[in-house]
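Working through the structure, step by step
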Amino acid sequence: MTGSDQSTVDTSKALANAFMKANPTIKIEVEHQPGGSEGDNVIKTRLATGEMTDVFWYNSGSLLQALNPAQTLVDLTGDPVLANVQEDYLPVVTQGGKVFGVPATTLTGGGILYNRKVYDKLGLQVPKTWAEFMANNDKIKAAGITPMIGTFKDTWTSQIFVLADYYNVQSAAPTFAQDYTAGKVKYASTPAALGGFQHLADVHAKDYLNKGYGSATLDQGLKLLVEGKGAHYAMLSGLLPPLLATYPQTATDVGFFGVPGTDVAKNGATVWEPAAIYIAKTTEHLDAAKKFLAFVASPAGTEAVTAAVPPSGPYRVKGSKLPEDALQVAKDLQIYIDNKATAPALEFLSPIKGPSLEQITVAVGSGLTPPAEAAAQYDQDVEKQAKQLGLAGW
């Protein structure tokens, strides 16, 4: 069972067909569940009633715990199925010290998408620190180009500076995710965690944003970036492939770098990890299911996917290579992976994400709320959710 959005459908079909070609005695039937909370409920209900398909596609990260994996999924810890899965990926499919899934697709980078032609024209280098980034913005503004794109009509886009800054938070406070989940640390009292809110304020204070950023949409922002009318956009790399049909230059003209921190030696990027494929405990075809998961998490599996869906990021599978014509953002992300300089977004490490973050970040990015006040507001927002989840320490 797999999702119903086009990219997921195409990926699942490519994996199933390639596997059946290599294993003619095994047949895979694919069914699709709806997206969003409706699809979530289908999966939880079928797991609870013992009517789940042998294998299924679902989120990695903190959402996995909602499936009660120890009771409902096959434990793959130490199994040869995982032989080719990169170690960095394993924490987001692990609950209670046991590993349950393999990566279904590519990862997505969260950080700064930038126009490479603007950088070439102005002789700029990819910044490794926030100070270097702001210096680049000054030069871009002096050249009459919008330094930063804001699209606050689609309020969720305002959060990326905070969410994509998590690599820098973890570098400065390695136990932040656990301590945050346990209610021991807060955004407002952790200097590194305040950084993302401060970035929004810095960009607004310097008047780097496009005119009309408050009413601009995601689609308008991506268009400004690809056309070189805006140089930087705090965004997710996975949103680029649909642009290729209208703007083929997206593949070469748009690059990616992580939100810069304060220390050149700790330069890295925050990533949104791939969804996973899991085996239901009720399966009557365990050997075949394991054989399929081993194929998904192999170079042969990723090659089958690449042939069907242009990758917007690297795979989490050892030995997998990006094609020569991969999107530039995927090649840029690969460098961070090779350097072991990535951290998953906080939502993959903690179940807590307050519902009002996007309203708070719009206010900071519009110059209406100071960063420290915004962080305190977010800590209050999060507290309600943590109590609803019944987490210890709240």
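Structural notes, computed from the coordinates. (Residues numbered from 1 in each chain as written. Predicted model: local features only at pLDDT ≥ 70, side-chain atom pairs only at ≥ 80, totals over all residues. Heavy atoms only, no water.)

Another point: the overall build of the protein. A count of helical and extended segments in the protein gives 16 helices and 11 strands. Relative to its length of 394 residues, the protein is compact, with a C-alpha radius of gyration of 21 Å against a globular reference of 21 Å. Principal-axis analysis of the C-alpha atoms gives the protein an extent of 65 × 50 × 35 Å. Taking as baseline every contact in the protein between residues at least 6 positions apart, the subset at least 24 positions apart corresponds to 76%. Looking at the protein as shown, the accessible area adds up to about 16,900 Å², and 53% of this sits on carbon and sulfur atoms. Separation of charge centres in the protein, based on 31 positive and 38 negative side chains, amounts to 3 Å. (Helix = DSSP H or I, 4+ residues; strand = E, 2+ residues; numbered from the N terminus. Rg over C-alpha atoms; globule rule 2.2 N^0.38 Å. Contact = heavy atoms within 4.5 Å. Areas by Shrake-Rupley, 256 points an atom, 1.4 Å probe, with all protein chains shown as cover. Lys, Arg positive; Asp, Glu negative; His and termini not counted. Charge placed at Lys NZ, Arg CZ, Asp CG, Glu CD.)

Positive phi, normally seen in glycine, also occurs at D207, with a value near 55 degrees. Within the secondary structure, D207 sits in the loop between helix 9 (191-205) and helix 10 (218-226). What makes D207 exposed here is its relative accessible area of 52%. Positive phi values are uncommon outside glycine, yet K340 reaches one of about 55 degrees. You can see K340 is positioned in the loop between helix 14 (328-338) and strand 11 (342-344). Taking the relative accessible area as the measure of exposure, K340 reaches 67% and is therefore exposed. (Buried < 20%, exposed > 50% of the residue type's maximum accessible area, 1.4 Å probe, protein only.)

What follows covers the pairing of strand 1 (residues 55-58). Burial along strand 1 is two-sided: the residues V55 and W57 and F56 and Y58 are all buried. Examined bridge by bridge, strand 1 and strand 10 (residues 276-279) share 4 bridges and lie antiparallel to one another. Bridging across to strand 10, F56 finds its partner in Y278. (Pairing = 2+ DSSP bridges.)

This paragraph deals with the nonpolar core. One recurring pattern in soluble globular proteins: nonpolar side chains tend to sit buried together. Core analysis: the largest hydrophobic core is formed by 119 residues, its most contacted members being F56, F161, Y187 and F197. Among the elements that line this core, the one with the most residues is helix 9, at 6 residues. (Core = buried A, V, L, I, M, F, W, Y, C linked by side-chain atoms within 4.5 Å.)

Turning to the packing of aromatic side chains, a few remarks are in order. Scanning the model with the defined rule gives 16 aromatic pairs in all. Taking 5.4 Å as the distance between ring centres and 80 degrees as the angle between the ring planes, the aromatic pair formed by F152 and Y213 counts as edge-to-face. Note that F152 is positioned in the loop between strand 6 (146-149) and helix 6 (160-163) and Y213 in the loop between helix 9 and helix 10, a separation of 61 residues in sequence. Assigned by exposure class, F152 and Y213 land together as buried. Arranged with centres 6.4 Å apart and planes meeting at 50 degrees, the rings of Y166 and F176 form a pair that is tilted. Linking Y166 in helix 7 (residues 166-172) with F176 in helix 8 (residues 176-181), this pair joins segments that are 10 residues apart in sequence. Here the two residues Y166 and F176 agree in accessibility, since each one is buried. The structure contains a cluster of three or more aromatic residues connected by ring pairs, namely Y114, Y119, W130, F133, F161 and F257. (Phe/Tyr/Trp six-rings, centres within 6.5 Å; stacked < 30°, edge-to-face > 60°.)

Of the positions making up helix 10, those classed as buried are L218, G221, L222, L225 and V226. Viewed end-on, helix 10 has its buried residues packed into an arc of 130 degrees, placing them on one side of the element. On its buried side, helix 10 packs onto strand 5 (108-115), strand 6, strand 7 (230-236), helix 11 (250-253) and strand 8 (254-257). One or two residues past the end of helix 10 sits G228, with phi positive at roughly 80 degrees. (Arc of directions from axis to C-beta.)

This part takes up the pattern of salt bridges. Evaluated as defined, the whole model comprises 10 salt bridges. A salt bridge links D79 to K290; the nearest nitrogen and oxygen atoms lie 2.7 Å apart. Here D79, found in the loop between helix 3 (69-72) and strand 2 (94-95), pairs with K290, found in helix 12 (residues 286-296); they are 211 residues apart in sequence, far enough to count as distant. Its relative accessible area of 16% is what places D79 among the buried residues. (Salt bridge = Lys/Arg side-chain N within 4 Å of Asp/Glu carboxyl O.)

Take the sheet that holds strand 10 next. Across the sheet, which stays open at both edges, the 3 strands sit in the order 1-10-4 with antiparallel pairing between neighbours. Bordering the open sheet on either side are strand 1 and strand 4 (101-103), each of which pairs with just one other strand. In this sheet, neighbouring strand axes are inclined to one another by 30 degrees on average, regardless of whether the strands run parallel or antiparallel. Of the pairings in the sheet, the one linking strand 4 to strand 10 comprises 3 bridges and is antiparallel in character. Counted as the bridge partner of G101 is Y278 from strand 10. (Axes fitted to C-alpha atoms, helices over the stretch in contact; angles between N-to-C directions.)

Here the focus is the packing of helix 1 (residues 6-22) against helix 13 (residues 299-308). At a minimum axis separation of 8 Å, helix 1 and helix 13 run at an interaxial angle of 130 degrees. The orientation of helix 1 relative to helix 13 falls into the category oblique. In the packing of helix 1 onto helix 13, the handedness of the crossing is right-handed. Residue-level inspection shows D10, T11, A14, L15 and A18 of helix 1 in contact with helix 13, the latter providing G301, A304, V305 and A308. Class assignment for the residues of the contact of helix 1 with helix 13 results in 6 nonpolar, 2 polar and 1 charged. (Parallel < 35°, antiparallel > 145°, perpendicular 65-115°, else oblique. Left-handed = near helix turned anticlockwise from the far one by under 90°. Nonpolar A, V, L, I, M, F, W, Y, C, P; charged D, E, K, R; others polar.)

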